[in-house]
Amino acid sequence: MKYDVIIIGSGFGGLACAHILSKAGKNVLVLERQAQPGGCIQSYPRQEMMFDTGLHYVGGLAEGQPINELFSELGLMHLPWHRLDPEGFDRVTICGETYSLAEGYDAFVDTLSAAFPEEREGLRQYVEMLRKIQELKTGDNLEPLHEAGAYDWLTTTIHNPRLVNILSGNAIKMELRRETLPLFTFAHGQNSYIQSSWRLKGDGNMIVRSLTDDITSHGGTIVCRAEVDELIEKDGHIQAARCRNGETYEGCLFISDVHPTLTFSWIHKSLVLKNIFRRRMSMLENTFGMFTASLVIRKDTLPYFNHNKFVYSRPDVWTFYDERDATGDIGGLMISCRVPEDGSSYTRQIDLMTPMPWSQCRQWEDTRLFRRSHAYKTWKEQVYDRCLALAETVIPDLGRAVETHYTSTPLTYRDYTLTPCGSAYGVRKDYHNLMITMLSPRTPIPNLLLTGQNLILHGLEGVAMTARYTCDAILQTNINKK
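1. A few points about the overall build of the chain
At step 1: The helix and strand inventory of the chain stands at 17 helices and 19 strands.
At step 2: Over its C-alpha atoms the chain spans a radius of gyration of 22 Å, differing by no more than 12% from the 23 Å that the globule rule assigns to 482 residues.
At step 3: Projecting the C-alpha coordinates of the chain onto the three principal axes gives extents of approximately 65 × 50 × 45 Å.
At step 4: For the chain, the proportion of its 482 residues judged to be buried stands at 59%.
At step 5: Residue pairs at least 24 apart in sequence account for 73% of intrachain contacts in the chain once pairs closer than 6 positions are excluded.
At step 6: For the chain, the computed accessible surface area is about 19,800 Å², with 49% contributed by carbon and sulfur atoms.
At step 7: Distance between charge centroids for the chain: 6 Å, based on 50 positive and 57 negative side chains.

This is the structure we're talking about:
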């Protein structure tokens, strides 16, 4: 059987593409190397509880907001979304002082202006910049925004260093790197959450099940434990995907939701891919990974809080993860609280997340899941203890409420997703060199396209938008279907 479209990888980008294309009438096949689909939006069971790997909150889901439109198209708005506190969906604590980030542009400005009255005009310019980026359409001139650095723009517009850090303090959901982060990436990562912020009342597998059920109802097929190890090219086009188990699947079009470096390594012989292009892909730098501690909280001990907490022990949120290389400290942390599903006012699950450079894991990079040393496990517990100590500065005695905990590192993500260095946000975008680091869905091979967080934007919003761009390249143009 020859499929219209074969999608490799079932992360959110792959499933979104499969949903859009199967709904449009394409005969779609999704190949996934793991035992279940979902990538970093899937959940995993421990002690009869489900834990999320990458999903924590989503922005812009209210009626009339852009992510609502995207998620409606993907059939996800029926899920039990829970709106976070409009008066402070995120609370940023820097060196013991806490500031609330309010929902809505005007409320956002008013709330922070109360603490920084001299910065009202700068805050107004900040939200106007967010509005401008939100209103951009495909085809608009993006160069002025792409070529601007986020840190430079913020420090030019906002003159109080503390406020710059507060505005950036909830951005652990991206790589805050002064030298490279584009303003475009920063703004897209912040804007929708100010519009409205939401948690899922349940685990990430609800999203996976909704997408996969729709895909199969549209006639699509999802095959798990199908690890692709070769894309077979003939006459400059991909003809088939060959899996490690020996199965071969023929298709007209192919979409990879896998890191570009790995994707192009599967093409062993090519008339199209030049060595200079392969070298360019292999030299792409990747964003940092994450250390995550998933806590099980004893029943009726910790009241649910309807916001995220971001806490820093140092004043500069743009450098704290670099400094840890030398000190071993945890300089910053995101704390996410699971919405109680039983109607209780107490939570049972808390996630602690902190950026982790690959250098922290490098001594174990040749090891694999379930085969790591006692030294690795001891190190993970030491990192957990430091995360817990910082979390207790905003949630006193949290440790006493913890029944048990589970930890993961960039090594864990690398082994499950094959992402180089366990990168949390894919290829590092560099505003100095966007032609190289912001990738197009199209590739030199006419019937091979890319999707996912490595291209334009990361996060659920960014990946959904990128999936739409990838699918538009198929549905709105006549790609050669040799």
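2. Brief notes about empty space enclosed by the protein
At step 1: A full pass over the atoms with the stated rule returns three cavities of 30 Å³ or more.
At step 2: What the largest cavity holds in volume is close to 180 Å³.
At step 3: Asp 52, Leu 55, His 56, Ser 336 and Arg 338 are, among the 18 residues lining the largest cavity, the residues nearest its centre.
At step 4: Those elements that place two or more of their residues in the lining of the largest cavity are strand 4 (49-52), strand 9 (197-200), strand 16 (332-337) and strand 17 (349-356).
At step 5: Residue classes in the lining of the largest cavity are distributed as 10 nonpolar, four polar and four charged.
At step 6: Its volume calculated, the second largest cavity comes out at about 110 Å³.
At step 7: Residues of the lining of the second largest cavity, tallied by class, amount to six nonpolar, four polar and four charged.

3. Digging into the sheet that holds strand 7 (residues 90-94)
At step 1: Pairing is mixed in the open sheet, where seven strands are placed in the order 8-7-15-16-17-14-18. In this open sheet, the two edge strands, each paired with only one partner strand, are strand 8 (97-101) and strand 18 (402-408). On average, adjacent strands in this sheet sit at an angle of 20° to one another, irrespective of strand direction.
At step 2: Where strand 15 (residues 308-312) meets strand 16, four bridges bridge the pair, whose relative direction is antiparallel. Among the inter-strand pairings, Val 311 is bridged to a residue of strand 16, identified as Leu 333.
At step 3: Strands strand 14 (289-297), strand 17 and strand 18 of the sheet are contacted by helix 15 (residues 410-417), whose axis makes an angle of about 100° with strand 14.

4. Quick word on unusual backbone geometry
At step 1: Positive phi is not limited to glycine here, since Arg 225 has a value of about 55°.
At step 2: The topology assignment puts Arg 225 in the loop between strand 10 (221-223) and strand 11 (228-234).
At step 3: Classification of Arg 225 as exposed rests on a relative accessible area of 63%.
At step 4: The phi angle at Leu 418 is positive, at roughly 65°, despite the residue not being glycine.
At step 5: You can see Leu 418 is positioned in the loop between helix 15 and helix 16 (434-437).

5. Observations regarding the pairing of strand 15
At step 1: By the criterion of burial, strand 15 is predominantly enclosed, with five of the five residues buried.
At step 2: Taking every second residue as pointing to the same face, both faces of strand 15 are buried, with Asn 308, Phe 310 and Tyr 312 on one and Lys 309 and Val 311 on the other.
At step 3: Inspection of the sheet shows strand 7 paired to strand 15 by five bridges, in the parallel sense. What sits directly across from Arg 91, in strand 15, is Lys 309.

6. Structural notes on helix 6 (residues 150-157)
At step 1: Within the span of helix 6, buried status applies to Ala 150, Tyr 151, Leu 154 and Thr 157. Around the axis of helix 6, the buried residues are gathered within 145° of arc, so they sit on the same side.
At step 2: Looking at the buried side of helix 6, the elements it contacts are helix 4 (120-135), helix 7 (161-168) and helix 8 (183-195).

7. Notes on the state of the cysteines
Throughout this description, disulfide means a covalent bond between two cysteine sulfur atoms.
At step 1: In this structure the tally under the stated criterion is zero disulfides.
At step 2: Cys 421 supplies the cysteine sulfur nearest to Cys 361, a cysteine that is in no disulfide, at a spacing of 9.2 Å.

8. Focus: the sheet that holds strand 6 (residues 81-83)
Across a sheet, paired strands are connected by hydrogen bonds in the backbone, their directions being either parallel or antiparallel.
At step 1: Reading across from one edge, 5-9-6 is the order of the three strands in this open sheet, with antiparallel pairing throughout. Looking at the sheet topology across the chains shown, the edges are occupied by strand 5 (58-59) and strand 6.
At step 2: Inspection of the sheet shows strand 6 paired to strand 9 by three bridges, in the antiparallel sense. When the bridges of strand 9 are listed, Arg 83 appears paired with Trp 198.

9. Side note on the nonpolar core
Generally speaking, a soluble globular protein has its nonpolar side chains buried in company with each other.
At step 1: Membership of the largest hydrophobic core comes to 152 residues, with the highest contact counts inside it found for Phe 12, Phe 71, Tyr 126, Phe 186, Ile 207, Leu 231 and Trp 318.
At step 2: Beyond its immediate stretch of four places on either side in the chain, Ile 207 contacts Phe 12, Ile 41, Leu 55, Leu 76, Leu 79, Trp 81, Leu 200 and Leu 460.

10. Quick look at the pairing of strand 3 (residues 43-46)
At step 1: Two strands pair when backbone bridges link them, and strand 3 and strand 4 are joined in this way by four bridges, in the antiparallel orientation. Residue pairing for strand 4: Pro 45 is matched across the bridge by Met 50.
At step 2: Counting the residues between successive antiparallel strands, the hairpin from strand 3 to strand 4 contains two residues, one of them, Gln 47, with a positive phi of roughly 50°.

11. Regarding the confidence of the model for the chain
Parts of the prediction with low pLDDT should not have their coordinates interpreted in detail.
At step 1: Put simply, the chain has an average pLDDT of 91, and 95% of its residues get 70 or more.
At step 2: Model confidence for the chain, summarised as mean pLDDT per element, is weakest for helix 12 (residues 320-327) at 58 and strongest for strand 2 (residues 28-31) at 98.

12. Here we look at the packing of aromatic side chains
At step 1: By the definition in use, this model includes 14 aromatic pairs.
At step 2: Between Phe 264 and Phe 277, the ring centres sit 4.9 Å apart and the planes meet at 90°, which makes this aromatic pair edge-to-face. In this pair, Phe 264 is assigned in helix 10 (residues 260-265) and Phe 277 in helix 11 (residues 275-282), connecting sequence segments 13 residues apart. For the pair formed by Phe 264 and Phe 277, the shared burial category is buried.
At step 3: Among the aromatic residues, ring-to-ring pairing joins Phe 12, Phe 71 and Trp 81 into one connected group.
At step 4: Over the face of the ring belonging to Tyr 406 we find Arg 46, whose NZ or CZ atom lies 6.0 Å from the ring centre.
At step 5: Positioned above the aromatic ring of Tyr 193, the side-chain terminus of Lys 173 is 4.6 Å from the ring centre.

Cut-offs and rules
Each residue is numbered by its place in its chain's sequence as written, counting from 1. Only residues with pLDDT of at least 70 get local features here, since the model is predicted, and only at 80 or more are side-chain atom pairs given and counted; chain-wide, interface and lining totals rely on the full set of residues. Hydrogens are left out, water is left out, and the side-chain values use all remaining heavy atoms of the structure. Only runs of H or I of at least four residues qualify as helices and only runs of E of at least two qualify as strands under DSSP, and these elements are numbered from the N terminus. We take the radius of gyration over the C-alpha atoms and set the globule estimate at 2.2 Å times the residue count to the 0.38 power. Relative accessibility thresholds used throughout: buried, under 20% of the residue-type maximum; exposed, over 50%; partly exposed, between the two (1.4 Å probe, protein chains only). Working rule for contacts: check all heavy atoms of both residues, and any pair within 4.5 Å makes them a contact. Each accessible area is a Shrake-Rupley estimate made with a 1.4 Å probe; only the visible protein chains count as cover when residues are assessed. Here the positive residues are Lys and Arg and the negative ones are Asp and Glu; neither His nor the chain ends is included. All charge positions are set by atom: Lys at NZ, Arg at CZ, Asp at CG, Glu at CD. Both site types are read off a 1 Å grid over the protein atoms alone. A 1.4 Å probe that fits but cannot get out defines a cavity, while an open set with protein on both sides within 12 Å along at least five of seven lines defines a pocket; lining residues have an atom within 4 Å of a point. Grid points are joined across faces, edges and corners, and a volume is the space filled by probe spheres set on the points. Just so you know the grouping, Ala, Val, Leu, Ile, Met, Phe, Trp, Tyr, Cys and Pro go in nonpolar, Asp, Glu, Lys and Arg go in charged, and all remaining residues, Gly too, go in polar. Any two strands are treated as partners once DSSP identifies two or more bridges connecting them. Axis definition: a line fit to C-alpha positions, over the contact stretch in the case of helices; interaxial angles, taken between N-to-C directions, run 0 to 180 degrees. The arc under discussion is defined with respect to the helix axis, by the directions toward the C-beta atoms. Note that a disulfide, as used here, is simply two cysteine sulfur atoms within 2.5 Å. Put simply, a nonpolar core is a bunch of buried Ala, Val, Leu, Ile, Met, Phe, Trp, Tyr and Cys residues held in one set by side-chain atoms that sit within 4.5 Å of each other. Values of pLDDT, which run from 0 to 100, indicate the predictor's confidence residue by residue. Side-chain rings of Phe, Tyr and Trp (the six-membered ring for Trp) are treated as a pair once their centres are within 6.5 Å; stacked means planes under 30 degrees apart, edge-to-face means over 60, and tilted covers the remaining angles. Think of it as a cone above the ring: NZ of Lys or CZ of Arg counts as a charge over the ring if it is within 6 Å of the ring centre and within 35 degrees of the ring normal.

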